[in-house]
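Given next are the chains, with one letter for each unit.
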Amino acid sequence: MKWGQSKKVGTVVRSKQQLDHHQQEQEAEAEAAIITTCSSKTSWHKAATLRIQSTMLPFLLLVSMMVIPVPSFAEAPFMGINYGQVGDDLPSDADAVTLIKNLGAGQVKIYNTDPGTLNALANSGLDVVIGMDNTEIPSLGASAAAADEWIVVNVLAYVPATSITVILVGNELFSSNFDIWPQLIPAIQNLQTSLTNHGLTSITLSTACELSILSNSYPPSAGVFNESAISVLMPLLQHLEDTNSYLYINAYPYFAWVSDPSGIPLDYAIFSAPAAMLSDGQYSYTSLLEAQIDTVYYAMEAIGFTDVRLAISESGWPTAGGVGADLTNAEAYNNNLVKYILSGVGTPKMPQVFVPTYIFALFNEDLKPGPATERNWGLLYPNGSAAYTINLADPYTSSSSSSGSSPTFQSPSSDSTTGSYISSTPDLLRCGYTAIVLTFSSVSFLGILFNLIWII
């Protein structure tokens, strides 16, 4: 069954014939009880009551199992974290794993297959996404034996102790690396064959794409992929559909905003818009990330793929080194990102579809090349202290962090710079669904209990 066709959790489907048959059985039992009970004149009233109650039981049982639909997930909702290691002052792998768990992350994504890191992640309770350098792809595509050796050395040697769930074959290939493109699909196919041969069929393969893979991104409904990349994307998306995997995208509202700060409101970029900022046909957008996600959905749809889900392999906000790169905006964006993703509200085009997301990044990395912002994306400083308050497990509650601070979600102030999180709708949906379900279930249960007691 494709992900888009899955049944909603809590919905009970029962045919009319089944209900009629069940009701007839209940009525027959009730009539037998009446005949037996009515042998005593004093029990006539109780027997009549039993008949009435028994005819209501099918209805009550059906009602008791009805639940208002809630956002459903193919997997438990979680937030992931990117653990980059391009620095000379970072904690040990063992300490980093402790810090990741203290942040409340459910998964960790690494960019290589470093043995020390993979061993440190063993028996940690964290699911692991591993990557590879783009330069490794050609050899894996050219040789099935090379791909098998890669799986044996980098995967088979660590599972099941280290819970490797996804292999990302390359990162941001489509902005350059044109000579590698033809080898991407052969590499994925060879790696898939090796995984299958070794019985590792629960591990999926994909690649992480940059948003520059789009030739048009505004409005979202006009999203299309670069024509030059479609010959690679078509077989890639077919593989993802066939294996129930995700297309991973690196989505950064920060870069879109900083390229046009006068045209894109900051509060739209950090989930703090007071109202919808973009209308696109039947859909309205209150956050830039929602629009970016839907743009990719539209681009996939334009080339015939509607059953491939998206995951966000990187998203975050820098704390220093550029325009708008500060602790206030980073705290607002990342906390609101966690709140938005874990709410399960989805996007306007794909409501209630969970998007696995990995925040970039765990640490500031002082050896990364490029602008100063590149070295300042960390939720934590290299000494393990928190750059700001955040909890990846649940933005509504607090848990202790390694630095001793309490990463409780705090709504940003309501000034024009940070604003307040616009989508209170997920909160209302969460509370509303819970209240309705609990009330409905309680009333139904009490109704059945009352009827059973009355019968007895």
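Labelled according to an unreviewed UniProt entry, the protein appears under the name Glucan endo-1,3-beta-D-glucosidase, originating from Sphagnum jensenii. Of the comments in the UniProt record for the protein, the one headed Sequence similarities (unreviewed entry) reads "Belongs to the glycosyl hydrolase 17 family."

Chemist: Would you mind showing me how to read the layout of surface pockets here?
Modeler: Take a probe with the size of a water molecule and roll it over the atoms, and the empty space left behind shows itself. One number sums up the size of the largest pocket: a volume of about 1,200 Å³. Lining the largest pocket are 49 residues; nearest its centre among them are Glu172, Asn250, Ala251, Tyr252 and Phe255. Top contributing element to the lining of the largest pocket by residue count: helix H11 (residues 288–302), with four residues. In terms of residue class, the lining of the largest pocket is built from 26 nonpolar, 15 polar and eight charged.

Chemist: Looking at this structure, I do not really get the nonpolar core. What am I missing?
Modeler: Nonpolar side chains tend to gather and get buried jointly when the protein is soluble and globular. Counting residues in hydrophobic clusters, the biggest one holds 118 residues, and the most contacted among them are Val155, Ile167, Val169, Phe174, Phe225, Leu247 and Leu392. It is H11 that provides the largest number of residues to this core, a total of nine residues. Setting aside chain neighbours within four positions, we find valine 169 in contact with Met132, Ile137, Leu184, Ala187, Ile188, Leu191, Leu205, Ser206 and Thr207.

Chemist: Before we go on, may I ask you to explain the pattern of salt bridges in this structure?
Modeler: Close approach of charged atoms allows side chains of opposite charge to pair. In this structure the tally under the stated criterion is three salt bridges. Close ionic contact of glutamate 301 with lysine 349 constitutes a salt bridge, the shortest N to O distance being 2.9 Å. On the criterion of sequence distance, the pair formed by glutamate 301 in helix H11 and lysine 349 in the loop between helix H12 (327–343) and strand E12 (357–359) is long-range, its members being 48 residues apart.

Chemist: Would you mind showing me how to read the sheet that holds strand E2 (residues 107–109) here?
Modeler: Sheet strands line up and pair through hydrogen bonds in the backbone, either parallel or antiparallel. Taken in spatial order, the eight strands line up as E1-E2-E3-E4-E5-E8-E11-E12 and close into a barrel, and their pairing is parallel. For this sheet, the mean angle separating the axes of adjacent strands, direction not counted, is 25°. Relative to strand E11 (residues 309–315), strand E8 (residues 246–250) runs parallel, the two sharing five bridges. When the bridges of E11 are listed, asparagine 250 appears paired with glutamate 314.

Chemist: Sorry if this is basic, but what is going on with the pairing of strand E1 (residues 79–82) here?
Modeler: Regular strands have side chains that alternate between both faces of the sheet. Of the two faces of E1, the one lined by Met79 and Ile81 and the one lined by Gly80 and Asn82 are each fully buried. Bridge count between E1 and E12: three bridges; the pairing is parallel. Considered in E12, the bridge of methionine 79 is made with threonine 357. In terms of strand pairing, E1 meets E2 through three bridges, oriented parallel. Counted as the bridge partner of asparagine 82 is lysine 109 from E2. Once you follow E1 into helix H3 (residues 93–103) and on to E2, the crossover reads as right-handed.

Chemist: What am I meant to see in the packing of aromatic side chains here?
Modeler: To describe a pair of aromatic rings, one takes the distance between the centres and the angle between the planes. Within this structure, the stated rule accounts for 19 aromatic pairs. Seen from their ring centres, tyrosine 246 and tyrosine 248 are 6.2 Å apart, and the 65° between their planes marks the pair as edge-to-face. The exposure class assigned to tyrosine 246 is buried, which follows from its relative accessible area of 13%. A relative accessible area of 3% places tyrosine 248 in the buried class. Grouped by ring-pair contacts, the aromatic residues Tyr252, Tyr254, Phe255, Trp257, Phe271, Trp317, Tyr333, Tyr340, Phe360 and Trp377 constitute a single cluster.

What counts and what doesn't
Residues numbered from 1 in each chain as written. Predicted model: local features only at pLDDT ≥ 70, side-chain atom pairs only at ≥ 80, totals over all residues. Heavy atoms only, no water. UniProt positions renumbered as here; feature names shortened; annotations may be inferred. 1 Å grid on protein atoms, 1.4 Å probe; cavity = no way out; pocket = protein on both sides within 12 Å on 5 of 7 lines; lining within 4 Å. Points joined across faces, edges and corners; volume = space filled by probe spheres on them. Helix = DSSP H or I, 4+ residues; strand = E, 2+ residues; numbered from the N terminus. Nonpolar A, V, L, I, M, F, W, Y, C, P; charged D, E, K, R; others polar. Core = buried A, V, L, I, M, F, W, Y, C linked by side-chain atoms within 4.5 Å. Buried < 20%, exposed > 50% of the residue type's maximum accessible area, 1.4 Å probe, protein only. Contact = heavy atoms within 4.5 Å. Salt bridge = Lys/Arg side-chain N within 4 Å of Asp/Glu carboxyl O. Pairing = 2+ DSSP bridges. Axes fitted to C-alpha atoms, helices over the stretch in contact; angles between N-to-C directions. Right-handed = clockwise from strand over helix to strand, strands pointing away. Phe/Tyr/Trp six-rings, centres within 6.5 Å; stacked < 30°, edge-to-face > 60°.

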